[in-house]
Amino acid sequence: MEEKRNMPELQSAKSIVLITPAYNEEENIQAFVHEVKIHLSDYSWMVVIIDDGSSDNTWKEIERSAGEDKRVKGIRFSRNFGHQAAIKAGVEWASTIEADAYVMLDVDLQHPIDLVPQMVEMLNDEVHIVQGRRNDEGRKISFVKKFTSAMFYKVFTLLSGIRIEGGTSDFRALDRFALDFIINNIDKDAFLRGMLPWSGLQTEELCYFPKERVNGVSKFTMRKMCNLAMSGIIGYSTRPLYISLVLGSLCLLLSLMYFAYVVIILAIGKETAIGWASTIACILGLGGTQLLILGIMGIYLGKMFTELKPRPAYVISQTV
Ligand code: UDP
Ligand code: MG
(Lines give C-alpha, C1' and ligand atoms only; values in the text may rest on other atoms or scores of the structure.)
(Ligands and ions follow the chains in the order given, each with its own letter.)
Protein backbone atom coordinates (compact mmCIF):
# COMPACT_ATOMS: atom_id res chain seq x y z
CA MET A 1 0.00 0.00 0.00
CA GLU A 2 1.34 3.38 -0.97
CA GLU A 3 1.74 6.12 1.58
CA LYS A 4 -0.99 8.72 1.75
CA ARG A 5 -0.16 11.78 -0.35
CA ASN A 6 -1.44 15.26 -0.13
CA MET A 7 -2.89 17.20 -3.01
CA PRO A 8 -0.31 19.39 -4.76
CA GLU A 9 -0.71 23.13 -4.19
CA LEU A 10 -3.34 22.50 -1.57
CA GLN A 11 -5.13 25.74 -0.95
CA SER A 12 -7.69 26.47 1.69
CA ALA A 13 -10.42 25.53 -0.83
CA LYS A 14 -11.87 22.05 -0.83
CA SER A 15 -9.86 19.38 -2.57
CA ILE A 16 -11.37 16.99 -5.10
CA VAL A 17 -10.08 13.86 -6.79
CA LEU A 18 -11.85 12.99 -10.05
CA ILE A 19 -11.99 9.34 -11.11
CA THR A 20 -12.59 9.00 -14.83
CA PRO A 21 -12.66 5.84 -16.95
CA ALA A 22 -11.87 6.16 -20.65
CA TYR A 23 -12.15 3.59 -23.38
CA ASN A 24 -11.26 4.72 -26.92
CA GLU A 25 -11.90 8.36 -26.07
CA GLU A 26 -8.94 10.04 -27.81
CA GLU A 27 -11.06 13.04 -28.89
CA ASN A 28 -12.41 13.61 -25.39
CA ILE A 29 -9.35 13.65 -23.12
CA GLN A 30 -8.15 17.19 -23.87
CA ALA A 31 -11.68 18.60 -23.90
CA PHE A 32 -12.43 16.92 -20.57
CA VAL A 33 -9.32 18.27 -18.85
CA HIS A 34 -10.07 21.72 -20.29
CA GLU A 35 -13.61 21.66 -18.83
CA VAL A 36 -12.27 20.51 -15.46
CA LYS A 37 -9.85 23.43 -15.39
CA ILE A 38 -12.67 25.86 -16.09
CA HIS A 39 -15.27 24.53 -13.68
CA LEU A 40 -13.04 23.52 -10.79
CA SER A 41 -10.84 26.61 -10.78
CA ASP A 42 -11.95 27.44 -7.22
CA TYR A 43 -10.88 24.04 -5.92
CA SER A 44 -7.67 22.17 -5.64
CA TRP A 45 -8.17 19.09 -7.75
CA MET A 46 -6.54 16.07 -9.30
CA VAL A 47 -7.90 13.78 -11.95
CA VAL A 48 -6.99 10.17 -12.55
CA ILE A 49 -7.97 8.95 -15.99
CA ILE A 50 -8.05 5.19 -16.35
CA ASP A 51 -7.41 3.99 -19.88
CA ASP A 52 -9.40 0.79 -20.02
CA GLY A 53 -7.30 -0.89 -22.72
CA SER A 54 -8.06 1.55 -25.54
CA SER A 55 -6.93 0.69 -29.05
CA ASP A 56 -6.82 4.31 -30.23
CA ASN A 57 -4.61 7.20 -29.02
CA THR A 58 -6.33 7.61 -25.64
CA TRP A 59 -3.16 6.78 -23.70
CA LYS A 60 -1.06 9.19 -25.78
CA GLU A 61 -3.62 11.91 -25.03
CA ILE A 62 -3.52 11.10 -21.31
CA GLU A 63 0.28 11.23 -21.34
CA ARG A 64 0.13 14.57 -23.14
CA SER A 65 -2.34 16.01 -20.61
CA ALA A 66 -0.27 14.66 -17.71
CA GLY A 67 2.84 16.25 -19.22
CA GLU A 68 1.10 19.60 -19.48
CA ASP A 69 -0.50 19.58 -16.03
CA LYS A 70 0.77 17.60 -13.07
CA ARG A 71 -2.72 17.41 -11.60
CA VAL A 72 -3.61 14.95 -14.38
CA LYS A 73 -2.65 11.33 -13.73
CA GLY A 74 -3.14 8.23 -15.83
CA ILE A 75 -3.49 4.52 -15.29
CA ARG A 76 -3.36 2.23 -18.28
CA PHE A 77 -4.91 -1.22 -18.31
CA SER A 78 -3.22 -3.95 -20.30
CA ARG A 79 -6.55 -4.68 -22.02
CA ASN A 80 -10.23 -3.78 -21.77
CA PHE A 81 -11.39 -4.88 -18.31
CA GLY A 82 -14.61 -2.88 -18.31
CA HIS A 83 -15.94 0.35 -16.88
CA GLN A 84 -16.48 -0.94 -13.32
CA ALA A 85 -12.94 -2.35 -13.12
CA ALA A 86 -11.62 1.02 -14.34
CA ILE A 87 -13.55 2.83 -11.62
CA LYS A 88 -12.26 0.35 -9.08
CA ALA A 89 -8.65 1.01 -10.11
CA GLY A 90 -9.35 4.75 -9.92
CA VAL A 91 -10.84 4.43 -6.44
CA GLU A 92 -7.82 2.44 -5.27
CA TRP A 93 -5.46 5.06 -6.63
CA ALA A 94 -7.56 7.93 -5.25
CA SER A 95 -7.45 6.41 -1.77
CA THR A 96 -3.73 7.26 -1.62
CA ILE A 97 -4.69 10.94 -1.82
CA GLU A 98 -6.20 12.86 1.09
CA ALA A 99 -9.08 14.91 -0.28
CA ASP A 100 -12.43 16.33 0.78
CA ALA A 101 -14.33 14.67 -2.04
CA TYR A 102 -13.90 11.94 -4.64
CA VAL A 103 -15.99 12.26 -7.77
CA MET A 104 -16.63 9.59 -10.39
CA LEU A 105 -17.59 10.83 -13.82
CA ASP A 106 -17.34 9.88 -17.48
CA VAL A 107 -14.75 11.40 -19.76
CA ASP A 108 -17.20 11.94 -22.65
CA LEU A 109 -18.56 15.15 -21.02
CA GLN A 110 -22.05 13.64 -20.70
CA HIS A 111 -21.83 14.06 -16.92
CA PRO A 112 -21.93 17.86 -16.52
CA ILE A 113 -18.67 18.96 -14.89
CA ASP A 114 -20.26 22.28 -13.89
CA LEU A 115 -22.36 20.32 -11.36
CA VAL A 116 -19.33 18.88 -9.58
CA PRO A 117 -18.93 21.88 -7.20
CA GLN A 118 -22.61 21.60 -6.19
CA MET A 119 -22.21 17.85 -5.64
CA VAL A 120 -19.14 18.35 -3.50
CA GLU A 121 -20.80 21.08 -1.43
CA MET A 122 -23.73 18.76 -0.73
CA LEU A 123 -21.42 16.36 1.13
CA ASN A 124 -21.30 16.98 4.87
CA ASP A 125 -20.97 15.13 8.19
CA GLU A 126 -24.26 13.37 7.53
CA VAL A 127 -24.24 12.95 3.77
CA HIS A 128 -21.54 10.57 2.57
CA ILE A 129 -22.65 10.17 -1.04
CA VAL A 130 -24.19 12.53 -3.57
CA GLN A 131 -25.63 10.38 -6.32
CA GLY A 132 -26.24 11.79 -9.80
CA ARG A 133 -29.59 10.88 -11.28
CA ARG A 134 -30.14 11.24 -14.99
CA ASN A 135 -33.20 13.08 -16.18
CA ASP A 136 -33.93 11.79 -19.68
CA GLU A 137 -36.90 14.08 -20.35
CA GLY A 138 -36.86 15.36 -23.90
CA ARG A 139 -33.79 13.32 -24.79
CA LYS A 140 -33.52 11.35 -27.99
CA ILE A 141 -32.59 7.90 -26.75
CA SER A 142 -33.48 4.67 -28.44
CA PHE A 143 -36.62 2.95 -27.22
CA VAL A 144 -34.63 -0.23 -26.59
CA LYS A 145 -32.13 1.55 -24.29
CA LYS A 146 -34.89 3.40 -22.44
CA PHE A 147 -36.99 0.27 -21.99
CA THR A 148 -34.19 -2.10 -21.00
CA SER A 149 -32.79 0.45 -18.54
CA ALA A 150 -36.17 1.04 -16.86
CA MET A 151 -36.88 -2.71 -16.76
CA PHE A 152 -33.49 -3.45 -15.28
CA TYR A 153 -33.96 -1.12 -12.30
CA LYS A 154 -37.41 -2.57 -11.62
CA VAL A 155 -36.24 -6.18 -11.85
CA PHE A 156 -33.15 -5.45 -9.78
CA THR A 157 -35.20 -3.80 -7.03
CA LEU A 158 -37.72 -6.65 -7.06
CA LEU A 159 -35.10 -9.39 -6.87
CA SER A 160 -32.56 -7.83 -4.54
CA GLY A 161 -34.82 -5.79 -2.28
CA ILE A 162 -32.36 -2.90 -2.83
CA ARG A 163 -34.01 0.15 -4.29
CA ILE A 164 -32.21 1.73 -7.23
CA GLU A 165 -34.02 4.66 -8.77
CA GLY A 166 -34.30 4.73 -12.56
CA GLY A 167 -31.63 6.98 -14.08
CA THR A 168 -29.05 6.24 -11.38
CA SER A 169 -25.68 6.55 -13.08
CA ASP A 170 -22.01 6.30 -12.20
CA PHE A 171 -21.82 10.07 -11.69
CA ARG A 172 -21.39 10.61 -7.96
CA ALA A 173 -19.41 12.32 -5.25
CA LEU A 174 -18.17 10.50 -2.18
CA ASP A 175 -16.54 11.58 1.03
CA ARG A 176 -13.56 9.75 2.51
CA PHE A 177 -15.82 7.53 4.61
CA ALA A 178 -17.73 6.24 1.58
CA LEU A 179 -14.51 5.82 -0.40
CA ASP A 180 -12.99 3.70 2.37
CA PHE A 181 -16.18 1.69 2.50
CA ILE A 182 -15.82 0.90 -1.22
CA ILE A 183 -12.12 0.07 -0.89
CA ASN A 184 -12.76 -2.37 1.94
CA ASN A 185 -15.83 -4.07 0.54
CA ILE A 186 -15.89 -3.97 -3.23
CA ASP A 187 -16.49 -7.23 -5.10
CA LYS A 188 -14.13 -8.28 -7.84
CA ASP A 189 -17.16 -8.19 -10.12
CA ALA A 190 -18.09 -4.72 -8.96
CA PHE A 191 -21.53 -3.15 -9.30
CA LEU A 192 -21.37 0.20 -7.53
CA ARG A 193 -24.93 1.18 -8.45
CA GLY A 194 -26.07 -1.69 -6.24
CA MET A 195 -23.32 -1.63 -3.65
CA LEU A 196 -23.84 1.97 -2.54
CA PRO A 197 -27.62 1.75 -1.93
CA TRP A 198 -27.00 -1.63 -0.29
CA SER A 199 -24.58 0.01 2.16
CA GLY A 200 -27.34 2.26 3.47
CA LEU A 201 -24.83 5.11 3.74
CA GLN A 202 -26.63 8.45 3.83
CA THR A 203 -27.10 9.52 0.22
CA GLU A 204 -28.56 12.57 -1.45
CA GLU A 205 -29.57 12.73 -5.06
CA LEU A 206 -28.76 15.39 -7.57
CA CYS A 207 -30.73 15.35 -10.82
CA TYR A 208 -28.90 16.30 -13.97
CA PHE A 209 -29.65 16.58 -17.64
CA PRO A 210 -26.99 14.54 -19.46
CA LYS A 211 -25.29 16.30 -22.32
CA GLU A 212 -25.26 14.70 -25.74
CA ARG A 213 -22.04 12.93 -26.63
CA VAL A 214 -20.12 15.26 -28.92
CA ASN A 215 -17.12 13.08 -29.82
CA GLY A 216 -17.06 9.35 -30.47
CA VAL A 217 -19.81 6.84 -29.87
CA SER A 218 -21.14 5.06 -26.80
CA LYS A 219 -18.79 2.30 -25.64
CA PHE A 220 -21.55 0.58 -23.74
CA THR A 221 -22.59 -2.04 -26.24
CA MET A 222 -25.67 -4.20 -25.65
CA ARG A 223 -23.34 -7.02 -24.59
CA LYS A 224 -21.60 -4.81 -22.00
CA MET A 225 -24.95 -3.59 -20.69
CA CYS A 226 -26.26 -7.15 -20.36
CA ASN A 227 -23.08 -8.20 -18.53
CA LEU A 228 -23.42 -5.28 -16.13
CA ALA A 229 -27.10 -6.05 -15.51
CA MET A 230 -26.29 -9.71 -14.96
CA SER A 231 -23.46 -9.07 -12.49
CA GLY A 232 -25.74 -6.62 -10.68
CA ILE A 233 -28.56 -9.10 -10.24
CA ILE A 234 -26.41 -12.14 -9.54
CA GLY A 235 -24.17 -10.16 -7.20
CA TYR A 236 -27.00 -8.81 -5.08
CA SER A 237 -29.75 -11.39 -5.17
CA THR A 238 -30.16 -15.08 -4.49
CA ARG A 239 -33.86 -14.90 -5.29
CA PRO A 240 -33.48 -16.31 -8.83
CA LEU A 241 -32.38 -19.54 -7.12
CA TYR A 242 -35.73 -19.64 -5.34
CA ILE A 243 -37.67 -18.96 -8.55
CA SER A 244 -36.13 -22.09 -10.01
CA LEU A 245 -36.91 -23.98 -6.84
CA VAL A 246 -40.58 -22.99 -7.03
CA LEU A 247 -40.79 -23.75 -10.75
CA GLY A 248 -39.04 -27.09 -10.28
CA SER A 249 -41.33 -28.09 -7.39
CA LEU A 250 -44.41 -27.10 -9.39
CA CYS A 251 -43.36 -29.22 -12.36
CA LEU A 252 -42.56 -32.13 -10.09
CA LEU A 253 -45.94 -31.85 -8.43
CA LEU A 254 -47.74 -31.74 -11.77
CA SER A 255 -45.91 -34.76 -13.10
CA LEU A 256 -46.65 -36.69 -9.87
CA MET A 257 -50.33 -35.80 -10.21
CA TYR A 258 -50.25 -36.97 -13.79
CA PHE A 259 -48.55 -40.20 -12.74
CA ALA A 260 -51.20 -40.78 -10.05
CA TYR A 261 -53.90 -40.18 -12.62
CA VAL A 262 -52.41 -42.82 -14.95
CA VAL A 263 -52.15 -45.33 -12.05
CA ILE A 264 -55.79 -44.73 -11.06
CA ILE A 265 -56.97 -45.14 -14.67
CA LEU A 266 -55.01 -48.41 -14.85
CA ALA A 267 -56.33 -49.59 -11.46
CA ILE A 268 -59.97 -49.12 -12.39
CA GLY A 269 -59.28 -51.04 -15.57
CA LYS A 270 -60.09 -48.30 -17.98
CA GLU A 271 -58.44 -48.33 -21.34
CA THR A 272 -55.39 -46.14 -21.30
CA ALA A 273 -54.23 -44.59 -24.44
CA ILE A 274 -51.56 -42.30 -23.23
CA GLY A 275 -50.87 -40.01 -26.08
CA TRP A 276 -47.60 -39.41 -27.74
CA ALA A 277 -48.08 -35.67 -27.51
CA SER A 278 -48.59 -35.62 -23.77
CA THR A 279 -45.49 -37.79 -23.25
CA ILE A 280 -43.38 -35.49 -25.32
CA ALA A 281 -44.87 -32.46 -23.56
CA CYS A 282 -43.88 -33.96 -20.19
CA ILE A 283 -40.36 -34.75 -21.31
CA LEU A 284 -39.89 -31.31 -22.78
CA GLY A 285 -41.45 -29.55 -19.80
CA LEU A 286 -39.33 -31.37 -17.25
CA GLY A 287 -36.21 -31.21 -19.40
CA GLY A 288 -36.72 -27.47 -19.83
CA THR A 289 -37.20 -26.90 -16.14
CA GLN A 290 -34.07 -28.87 -15.30
CA LEU A 291 -32.05 -26.94 -17.82
CA LEU A 292 -33.35 -23.68 -16.43
CA ILE A 293 -32.37 -24.65 -12.91
CA LEU A 294 -28.99 -25.89 -14.08
CA GLY A 295 -28.44 -22.62 -15.92
CA ILE A 296 -29.23 -20.48 -12.91
CA MET A 297 -27.05 -22.62 -10.67
CA GLY A 298 -24.29 -22.35 -13.25
CA ILE A 299 -24.42 -18.57 -13.09
CA TYR A 300 -24.02 -18.60 -9.31
CA LEU A 301 -21.27 -21.18 -9.50
CA GLY A 302 -19.49 -19.02 -12.05
CA LYS A 303 -19.82 -16.04 -9.75
CA MET A 304 -18.41 -17.99 -6.79
CA PHE A 305 -15.61 -19.19 -9.01
CA THR A 306 -14.73 -15.62 -10.00
CA GLU A 307 -14.84 -14.38 -6.43
CA LEU A 308 -12.72 -17.26 -5.14
CA LYS A 309 -9.99 -16.97 -7.71
CA PRO A 310 -7.00 -14.88 -6.63
CA ARG A 311 -6.97 -13.30 -10.10
CA PRO A 312 -7.13 -9.47 -9.99
CA ALA A 313 -10.00 -7.46 -11.45
CA TYR A 314 -7.57 -5.63 -13.75
CA VAL A 315 -3.91 -5.43 -14.74
CA ILE A 316 -2.08 -2.10 -15.00
CA SER A 317 0.57 -1.89 -17.69
CA GLN A 318 1.67 1.76 -17.30
CA THR A 319 1.13 4.85 -15.17
CA VAL A 320 1.90 8.49 -15.68
N1 UDP B 1 -15.90 2.97 -20.60
C2 UDP B 1 -14.83 2.23 -20.11
N3 UDP B 1 -14.75 0.91 -20.44
C4 UDP B 1 -15.67 0.28 -21.24
C5 UDP B 1 -16.78 1.05 -21.68
C6 UDP B 1 -16.86 2.38 -21.34
O7 UDP B 1 -13.97 2.75 -19.40
O8 UDP B 1 -15.51 -0.91 -21.50
C9 UDP B 1 -16.00 4.40 -20.23
C10 UDP B 1 -16.21 5.36 -21.39
O11 UDP B 1 -15.00 5.77 -21.98
C12 UDP B 1 -16.95 6.52 -20.72
C13 UDP B 1 -17.76 5.82 -19.64
O14 UDP B 1 -17.13 4.55 -19.42
O15 UDP B 1 -16.07 7.43 -20.09
C16 UDP B 1 -19.21 5.62 -20.04
O17 UDP B 1 -19.28 4.96 -21.28
P18 UDP B 1 -20.19 5.46 -22.48
O19 UDP B 1 -20.19 6.95 -22.55
O20 UDP B 1 -19.75 4.76 -23.72
O21 UDP B 1 -21.61 4.92 -22.02
P22 UDP B 1 -23.04 5.64 -22.16
O23 UDP B 1 -22.86 7.04 -21.66
O24 UDP B 1 -23.36 5.60 -23.60
O25 UDP B 1 -23.93 4.82 -21.32
MG1 MG C 1 -21.45 8.42 -22.22
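See the structure above.
I will try to describe carefully the structure that is included in this document. (Residues numbered from 1 in each chain as written. Chains lettered and ligands numbered in written order. Predicted model: local features only at pLDDT ≥ 70, side-chain atom pairs only at ≥ 80, totals over all residues. Heavy atoms only, no water.)

Looking at the sheet that holds strand S2 (residues 15-22)
Just so we agree on the cut-off: Here, strands pair whenever DSSP counts at least two bridges between them. By definition, any uninterrupted DSSP run of H or I lasting at least four residues is a helix, any uninterrupted run of E lasting at least two residues is a strand, and each is numbered from the N terminus. Helix axes are fitted only over the stretch in contact, all axes being lines through C-alpha atoms; the angle between N-to-C directions runs from 0 to 180 degrees. Here, two residues are considered to be in contact whenever any of their heavy atoms come within 4.5 Å of each other.
Here we have 8 strands laid out as an open sheet, ordered S9-S7-S8-S6-S2-S3-S4-S10, and mixed in their pairing. The open sheet terminates on both sides in strands that have one partner only, identified here as strand S9 (203-208) and strand S10 (316-319). This sheet shows a mean twist of 20° between the axes of neighbouring strands, independent of strand direction. Bridge analysis of strand S6 (residues 101-104) against strand S8 (residues 168-174) gives 3 bridges, and the strand direction is antiparallel. By the bridge assignment for S8, Tyr 102 is matched with Leu 174. In this fold helix H3 (residues 83-94) packs onto S2, strand S3 (44-51), strand S4 (72-77), S6 and S8, with an angle of close to 150° to the strand it touches most, S2. In the packing of helix H7 (residues 192-199) onto the sheet, contacts are made with S6, strand S7 (129-134) and S8, and the angle to S8 comes to roughly 55°.

Some details on the packing of H3 against helix H6 (residues 176-185)
Spelled out, the test is: An angle below 35 degrees is read as roughly parallel, one above 145 as roughly antiparallel, one from 65 to 115 as roughly perpendicular, and any other as oblique. Crossings are classed by handedness, with left-handed meaning an anticlockwise turn of the near helix from the far one by less than a right angle and right-handed meaning a clockwise turn.
Axis separation between H3 and H6 bottoms out at 10 Å; the angle between their running directions is 120°. In this view, H3 runs oblique relative to H6, as classed from their interaxial angle. As H3 runs across H6, the sense of the crossing is left-handed. For the pair formed by H3 and H6, the contact residues are Val 91, Glu 92 and Ala 94 on the first element and Arg 176, Leu 179, Ile 182 and Ile 183 on the second.

Regarding the packing of aromatic side chains
Quick note on the threshold: Two rings belonging to Phe, Tyr or Trp (six-membered ring only in the last case) form a pair when the distance between their centres is within 6.5 Å. Interplanar angles under 30 degrees mark stacking, angles over 60 mark edge-to-face geometry, and anything in between is tilted. Categorising residues by exposure relies on relative accessible area from a 1.4 Å probe, with only protein chains included: less than 20% of the type maximum marks a residue as buried, more than 50% marks it as exposed, and the intermediate range marks it as partly exposed.
Under the defined criterion, the tally for this structure stands at 10 aromatic pairs. Judged by centre distance (4.9 Å) and plane angle (10°), the ring pair of Phe 77 and Tyr 314 falls under stacked. Here Phe 77, found in strand S4, pairs with Tyr 314, found in the loop between helix H10 (276-308) and S10; they are 237 residues apart in sequence, far enough to count as distant. Of the residues examined, Phe 77 reaches a relative accessible area of 2% and is grouped as buried. By relative accessible area, which is 13% here, Tyr 314 ends up buried. Between the aromatic rings of Phe 152 and Phe 191, the centroid separation amounts to 6.0 Å while the plane-to-plane angle is 90°, which identifies the pairing as edge-to-face. Of this pair, Phe 152 sits in helix H5 (residues 143-160) while Phe 191 sits in the loop between H6 and H7, and the two are 39 residues apart along the sequence. Looking at Phe 152, the relative accessible area reads 15%, which means it is buried. Clustering of aromatic rings is evident, with ring pairs tying together Phe 152, Tyr 153, Phe 156, Phe 191 and Tyr 236.

A closer look at the coordination of the magnesium ion (ligand 2)
To be explicit about the condition: Only nitrogen, oxygen and sulfur atoms within 2.8 Å of the metal, or 3.2 Å for Na, K and Ca, are treated as donors, and water is left out, so sites may look incomplete.
Surrounding the magnesium ion (ligand 2) are the protein donor atoms Asp 108 (OD) and Gln 110 (OE1), at 1.9 to 2.0 Å. For the pair shown, Asp 108 and Gln 110 are each scored as buried.

Function cannot be read off these values alone, since they describe shape.
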